Amino acid sequence: MSTSMHTVLRRCVGIVRLSVVVLFTHAVAVASTPTPAERIGELREQIAYHDNLYFRQAAPEISDQAYDRLKRELRELERLHPELAGPAGTGIGDDRSGRFPTRAHLVPMLSLEKSYTAAELQAFFARVARSTDNADITWVLEPKYDGIAISLTYENGRLTHAVTRGNGREGDEVTANARAIRGLPVELAGDDVPELVELRGEVYLTHDAFAHLNVTRTKAGLEPFAHPRNLAAGSLKLTDPAEVTQRPLSVVIHGWGAWEPAATQPVRQADFNAQVAGWGLPAVEEYLVVEDFATVWAEVEACGERRWDWPFPTDGVVLKVNEVAVQDTLGVNADAPNWAMAFKFSAEQAITRVRAITLQVGRTGQITPVAELEPVNIGGTTIARASLHNLNRLRQLDVRIGDTVRVEKAGEIIPQIVAVLTERRDDHLPIFPLPQVCPACLTPLEVGAQGGIMSCTNPDCPAQVRRRLEHFVSASGVDIKGIGPALIAKLVDADLVQVPADLYRLSREHLAALVGENKAEKLHAEIARSRSAPSWRALAGLGIPRVGPATAERLARQFGELDALTRIRSEDLITTEGKSRVAGVGDATARAIAESLTQPAQRRQLQGLHAVGFGPTSDSARQGPLQGRRVVLTGALPTLSRAEATALIVAAGGEVATRVNRETDYVVAGEKPGSKLAAARQLGIQILDEAGLRALLAGHGGD
Ligand code: IVH
């Protein structure tokens, strides 16, 4: 964009801030008290929306507590107005994704009824006592694992099917994925294994596994996962079981469906826990057998306090009748058993006021509304902002500037606004208008297919320009210490920097005018130092979707320095079938890179960096026994996997290519080599086995 055009736009931005209400139309509908039928309709719609995010996309926008509240309000209204109630069994969601064959459960997989207060739990306890004529029953209290439900069928001790809950009657068959879970035996031990059993359990990630995985991801420049439960759910629904092996999933068995022959069923729930442990399965270990409600409640409270000491995520406890015969007498209702009740731990909440609603423009132009709050303390952390996710959510909550809101911090999920206290709202608070144009550059916003996501499509949008530069200088990019968002804003506003290459054209004087003489000197040296960073840093700094440092390094190793990267073609990255040609990079990632890296704007950014001399100095270049050598792998090697062999070759300074041609130095052939071996013979290229490769890596000849 020309400088003058840019200046005009910036002036306009000043105007739009003053005239927001005039420019922004499309007001949120005014909330009036709905009739029960309307409210039931609204609730069903909202629940369906959140069910889709939770079950199908594994990316919920609201906390479990907020979701449970919607369900309870619906259930309560349906109880008061039975003529408006939905069909039985419709209250438990549906996790089927359409990507797996469907399989029916022999015995339906139900949900659990939930309680939130001592009084509710006690009412359940008393109800059971009444309907069993105060028989001498005992109770089992165990953690409620926060994961995704699974049904595992073992026939004569062999795992034959793993099925998700689905709609309770049938679910996704994910057997291959379940087999990829470490710690889940495919064969049961012991001589008391039934002919057929549907074991019910939960797939989850321990806090440790989740934290470790995120450390690895962050190092690789990937976004950390937000919530272990969503990750477990997403992992079980991966279509490549090999990918599932990479996810550190755990499983626990907490119940059963079908059991044949029925006469061999356990007599007590507690016996069941011991029995499955004996079969070599991960069983519930942290359970207690209790008799009276006073003890139940004392233990529930103790569990609430201990919940973070458990290695697995929990969102509550489950109270079950211990005697299986009594369970059978009590039976089940449409959605849940009558012999069990969950007690959900409450999320920490606070009440505060919305100071402002800002619209953030992301690196790719996506608009996120954010509520700026009066700072408030929740569970030891100060909360000053809450994401409103997208415009659907904003519309749904009808949050207005000046509103009093209840905010909640639940588990690993970012703070949420769970309710607007409309009774505390001033009558004249205006509805927050939905934006029509980008708040930073006035470009009309584009609405995504779902309606809730709005994006600014102007690549020169100053907000996007700033976000991109912030990413470029960050530790995931070229890592320039001393440049943060504030300085970037100044540099962009002063029209000094638009693209990364501009940073390398800044003089000391330019910087001194913005940060003072002393700092300018240091900063100038820092920027100069970053110019000789390895080329993967520049690549990672461009913020190409899915390209963090690790992938950027793989690309740079395969394709060389910046000028080579600027000439990359789609066919260098992917085959015509869409398969990756980049060693160590998956197909989907390679396709995304091909799409982005071959765009003129991205090319220009790389060319710009090359033009200002970005690149490692000769002494910083890598040296190794395979320096400058091209190796092609074919067939299965006896001990090294393809990925391991590649990593070793790259670490020794070599390159792994996928095609044999005159530039190939070595072909390493294993068992069942493909046509590459014949090609190598034809071209007279040296052929090695794994031992030969190892000798090369150790620096022993080859030529
Ligand atoms: S017993 C008929 N025990 O919570 C359902 N469920 O919200 C009996 N869950 O679908 C389930 N930990 O997947 C039971 N210790 C536990 C549990 C547990 C987690 C899950 C289960 C259920 C869901 C209901």
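What counts, and at which threshold
Residues numbered from 1 in each chain as written. Predicted model: local features only at pLDDT ≥ 70, side-chain atom pairs only at ≥ 80, totals over all residues. Heavy atoms only, no water. Helix = DSSP H or I, 4+ residues; strand = E, 2+ residues; numbered from the N terminus. Contact = heavy atoms within 4.5 Å. Areas by Shrake-Rupley, 256 points an atom, 1.4 Å probe, with all protein chains shown as cover. Salt bridge = Lys/Arg side-chain N within 4 Å of Asp/Glu carboxyl O. Buried < 20%, exposed > 50% of the residue type's maximum accessible area, 1.4 Å probe, protein only. Pairing = 2+ DSSP bridges. Axes fitted to C-alpha atoms, helices over the stretch in contact; angles between N-to-C directions. Core = buried A, V, L, I, M, F, W, Y, C linked by side-chain atoms within 4.5 Å. Phe/Tyr/Trp six-rings, centres within 6.5 Å; stacked < 30°, edge-to-face > 60°. Near = heavy atom within 4 Å. Polar contact = N/O pair within 3.5 Å; in protein donor to acceptor, adjacent residues only side chain to side chain. Nonpolar A, V, L, I, M, F, W, Y, C, P; charged D, E, K, R; others polar. Left-handed = near helix turned anticlockwise from the far one by under 90°. Parallel < 35°, antiparallel > 145°, perpendicular 65-115°, else oblique. pLDDT = per-residue confidence, 0-100.

Attention now goes to the overall build of the protein. Each helix and strand counted, the protein has 27 helices and 22 strands in total. Sequence-distant contacts in the protein: of pairs separated by 6 or more residues, those separated by 24 or more amount to 69%. If you sum the accessible surface of the protein, you get close to 33,200 Å²; carbon and sulfur atoms cover 52% of it.

Our next topic: the pattern of salt bridges. Under the criterion given, the structure shown has 34 salt bridges. One salt bridge in this structure joins Glu571 and Arg569, with 3.7 Å as the shortest N-O distance. Taking relative accessible area as the criterion, Arg569 reaches 45% and is therefore assigned partly exposed. Linked through salt bridges whose partners overlap, the residues forming this network are Asp68, Lys144, Asp315 and Lys344.

Quick look at the sheet that holds strand E4 (residues 148-155) now. If you walk across this open sheet you meet the four strands as E5-E4-E7-E8, and the pairing is antiparallel. The sheet is open, and its two edges are formed by strand E5 (158-164) and strand E8 (250-260), each paired on a single side. Here the average twist between neighbouring strands, direction ignored, is 25 degrees. Summarising the sheet, E4 and strand E7 (residues 196-204) pair through eight bridges and their orientation is antiparallel. By the bridge assignment for E7, Thr153 is matched with Glu198. Here helix H8 (residues 228-236) sits on the sheet in contact with E4, E5 and E7, set at roughly 45 degrees to E4. Sitting on the sheet, helix H10 (residues 269-278) is in contact with E7 and E8, with an inclination near 115 degrees to E8.

The subject of this paragraph is the nonpolar core. Residues Ile483, Leu503 and Tyr504 are the most contacted members of the largest nonpolar core, which totals 48 residues. The contact partners of Ile483, leaving out residues within four places of it in the chain, are Val473, Ile488, Leu503, Leu523 and Ile527. Counting 37 residues, the second-largest nonpolar core is a separate cluster that includes Leu152, Ala209, Leu231 and Trp256.

Before going further, it helps to examine the packing of aromatic side chains. On inspection of all chains with the given rule, the structure shows 13 aromatic pairs. With a centroid separation of 5.8 Å and 35 degrees between ring planes, the pair formed by Tyr145 and Tyr204 is classed as tilted. Of this pair, Tyr145 sits in strand E3 (residues 139-145) while Tyr204 sits in strand E7; the two residues are 59 residues apart in sequence, bridging distant segments of the chain. There is no split in this pair, since Tyr145 and Tyr204 are both buried. On the basis of an interplanar angle of 40 degrees and a centroid distance of 5.8 Å, the ring pair of Trp259 and Trp279 is categorised as tilted. Here the residue Trp259 occupies a position in strand E8, and Trp279 occupies one in the loop between H10 and strand E9 (288-290), the gap between them amounting to 20 residues. Comparing Trp259 with Trp279 shows no difference in burial state: the two are buried. What links up through ring pairs into an aromatic cluster is the set Phe124, Phe125, Trp139 and Phe293.

Taken in spatial order, the five strands of this open sheet run E2-E11-E10-E3-E9, and their pairing is mixed. Looking at the sheet topology across the chains shown, the edges are occupied by strand E2 (114-115) and E9. Pairing geometry for E2 and strand E11 (residues 340-344), over two bridges, is parallel. Directly across from Ser115, in E11, lies its bridge partner Phe343. The sheet strands contacting helix H5 (residues 118-131) are E2, E3, strand E10 (314-321) and E11, and the helix crosses E11 at an angle near 170 degrees.

Taken together, the neighbourhood of the ligand is formed by 15 residues, with Glu142, Pro143, Tyr145, Glu202 and Lys320 sitting nearest. Within the side chain of Arg165, a nitrogen or oxygen atom sits 3.4 Å from an oxygen atom of the ligand. In the environment of the ligand, an oxygen atom lies 2.6 Å from a nitrogen or oxygen atom belonging to the side chain of Glu202. Within the complex, the protein chains bury 88% of what would otherwise be the 520 Å² of accessible surface of the ligand. Going through the elements one at a time, E3 and E10 are the ones with two or more residues in the shell around the ligand. Here the shell around the ligand is built from residues that sort into seven nonpolar, two polar and six charged.

A few words on the environment of Thr153. Locating Thr153 in the fold gives a position in strand E4. Accessibility expressed as a relative area gives 8% for Thr153, which makes it buried. When the C-alpha atoms of Thr153 and Val163 are compared, they prove to be 8.4 Å apart, with 10 residues separating the residues in sequence. When near neighbours in sequence (up to four residues on either side) are disregarded, Thr153 contacts Arg158, Leu159, Thr160, His161, Leu196, Val197 and Glu198.

Moving on to the side chain of Asn177. You can see Asn177 is positioned in helix H6 (residues 175-179). On the accessibility criterion, Asn177 (2% relative accessible area) is buried.

Omega for the bond connecting Glu260 with Pro261 falls within 30 degrees of zero, at -5 degrees, which places this linkage in the cis form. Tracing the chain through its elements places Pro261 in the loop between E8 and H10. Of note, His389 is a non-glycine position whose phi angle comes to about 65 degrees, a positive value. Its identity is not glycine, yet Asp495 carries a phi of approximately 60 degrees, on the positive side. Structurally, Asp495 is set in the loop between helix H15 (485-493) and helix H16 (500-503). In this structure Asp495 comes out as partly exposed when scored by relative accessible area, which is 26%.

This part takes up the packing of helix H3 (residues 36-56) against helix H4 (residues 64-80). Contact pair H3 / H4: the axes reach a minimum separation of 10 Å and the direction vectors enclose 145 degrees. In this structure, H3 meets H4 at a crossing whose hand is left-handed. Residues Pro36, Arg39, Ile40, Leu43, Arg44, Gln46, Ile47, His50, Asp51, Tyr54 and Phe55 of H3 form the contact with H4, whose own contacting residues are Asp64, Tyr67, Leu70, Lys71, Glu73, Leu74, Leu77 and Glu78. Residue composition of the contact of H3 with H4, by class: 10 nonpolar, two polar and seven charged.

As a further point, take the packing of helix H17 (residues 508-515) against helix H18 (residues 517-531). Between H17 and H18, the shortest axis-to-axis distance is 8 Å and the interhelical angle comes to 130 degrees. Compared by their axis directions, H17 and H18 come out oblique. Of the two elements, H17 crosses H18, and the hand of that crossing is right-handed. Between H17 and H18, the contacting residues are Arg508, Leu511, Ala512 and Val515 on the first element and Glu517, Lys519, Ala520, Glu521, Leu523, His524 and Ile527 on the second. Taken together, the residues of the contact of H17 with H18 break down into six nonpolar, one polar and four charged.

For the protein, per-residue confidence averages 85 on the pLDDT scale, and 91% of positions sit at 70 or higher. Segment residues 1-31: pLDDT under 50, and 39 contacts once partners within four positions in sequence are set aside and those in other chains are kept.

With that settled, the discussion passes to the environment of Thr443. Residue position: Thr443 is located in the loop between strand E16 (416-420) and strand E17 (446-447). Looking at Thr443, the relative accessible area reads 18%, which means it is buried. Sequence spacing of Thr443 and Pro375 is 68 residues, and the spatial spacing of their C-alpha atoms is 33 Å. Not counting residues within four places of it along the chain, the set of residues in contact with Thr443 comprises Gln436, Val437, Cys438, Cys456, Thr457 and Asn458.

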